[in-house]
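Residues per chain are reported as follows:
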Amino acid sequence: MFLILLLLLRKFAWGPMMNMMKEREEHVASEIETAENSRKEAEKYLEEQKKEVEKARQEAQSIIETAKKTSEVQGEEIIAQSRREAERVKESALAEISREKEQAVAELREQVGSLSVMIATKIIEKELDEKQQEQLIEEYVKEAGERL
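Just so it is clear, the model here is predicted, and its values are computed rather than measured.

(A) Structural detail: the overall build of the protein. In terms of regular secondary structure, the protein is built from two helices and zero strands. For 148 residues, the compact-globule estimate of 2.2 N^0.38 gives 15 Å, and the protein exceeds it by more than 25% at 57 Å. C-alpha extents for the protein along the principal axes are approximately 180 × 20 × 15 Å. Of all 148 residues assigned to the protein, the portion counted as buried reaches 4%. Within the structure as shown, the protein displays about 13800 Å² of accessible surface, and the carbon and sulfur contribution to it stands at 58%. For the protein, the distance from the average position of its 25 positive side-chain charges to the average position of its 34 negative side-chain charges is 11 Å.

Below, the structure written as structure tokens:
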């Protein structure tokens, strides 16, 4: 009886149970292999992302350095242009001052000349003594000074 029971158990219980255990073992092995493949893919993706981040950092650093150089060059150009403009304005102002000075001197000479002629005319018209001539000259000089 025991042997029959053992044979029946082996045929109906032990075989299917072993098959089920084998299938379960294969399923677990398959899941482990899938998980391992996923992990490897994730690591590969992570490495690619690290390389991309490093590449982006290098590009950003390059852009920053280029921007710094460009701003320095532009700053130097602006300073040079400002200096040239200041020099041009200075030269223009000096030329204008010189022209106005020459014009003032010319006007002064003209006035002095006309005053000299007037004084000479007055002196000739009047025969004055020395004291009166000095007084007349001082009046005309004072009058000329007021006109200037």
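(B) Examining a negative patch on the surface more closely. Residues Glu130, Glu134, Glu138 and Glu139 make up a contiguous surface patch of negative charge. Inspection of the secondary structure puts glutamate 130 in helix H2 (residues 130-147). Taking the relative accessible area as the measure of exposure, glutamate 130 reaches 60% and is therefore exposed.

(C) How the structure looks around the pattern of salt bridges. Using the criterion set out here, one finds five salt bridges in the structure. Note that arginine 39 and glutamate 43 form a salt bridge whose closest N and O atoms lie 2.4 Å from each other. Pair noted here: arginine 39 and glutamate 43 are both in helix H1 (residues 2-125), with a separation of four residues, about one helical turn. For glutamate 43, a relative accessible area of 41% gives the class partly exposed.

(D) Representation of the environment of proline 16 within the structure. Looking at the element boundaries, proline 16 is found in helix H1. Sequence-wise, proline 16 and arginine 83 are 67 residues apart; in three dimensions their C-alpha atoms are separated by 99 Å.

The rules behind the values
The residue numbers shown here count from 1 along each chain, following its written sequence. Restriction of local features to residues with pLDDT of at least 70 applies here, the model being predicted, together with a cutoff of 80 or more for giving and counting side-chain atom pairs; totals for whole chains, interfaces and linings are based on all residues. Side-chain numbers come from the whole structure's heavy atoms, not from hydrogens or water. Counting from the N terminus, the helices are the DSSP runs of H or I reaching at least four residues and the strands are the DSSP runs of E reaching at least two. Computation of the radius of gyration draws on C-alpha atoms, with the globule rule given as 2.2 Å multiplied by the number of residues to the power 0.38. Burial classes follow relative accessibility: with a 1.4 Å probe on protein chains only, a residue under 20% of its type's maximum area counts as buried, one over 50% as exposed, and anything between as partly exposed. Per-residue and other accessible areas were derived by the Shrake-Rupley procedure at a 1.4 Å probe size, with only the shown protein chains allowed to occlude residues. In this tally Asp and Glu are treated as negative and Lys and Arg as positive; neither His nor the chain ends contributes. Working definition for charges: the position is that of NZ of Lys, CZ of Arg, CG of Asp or CD of Glu. Surface patches are defined over residues having more than 30% relative accessible area and no salt bridge, joining like charges when they lie within 9 Å and nonpolar side chains (Val, Leu, Ile, Met, Phe, Trp, Tyr) when within 5 Å. Criterion for a salt bridge: a side-chain nitrogen of Lys or Arg within 4 Å of a carboxyl oxygen of Asp or Glu.

Functional significance is not addressed by these values, which are geometric in nature.
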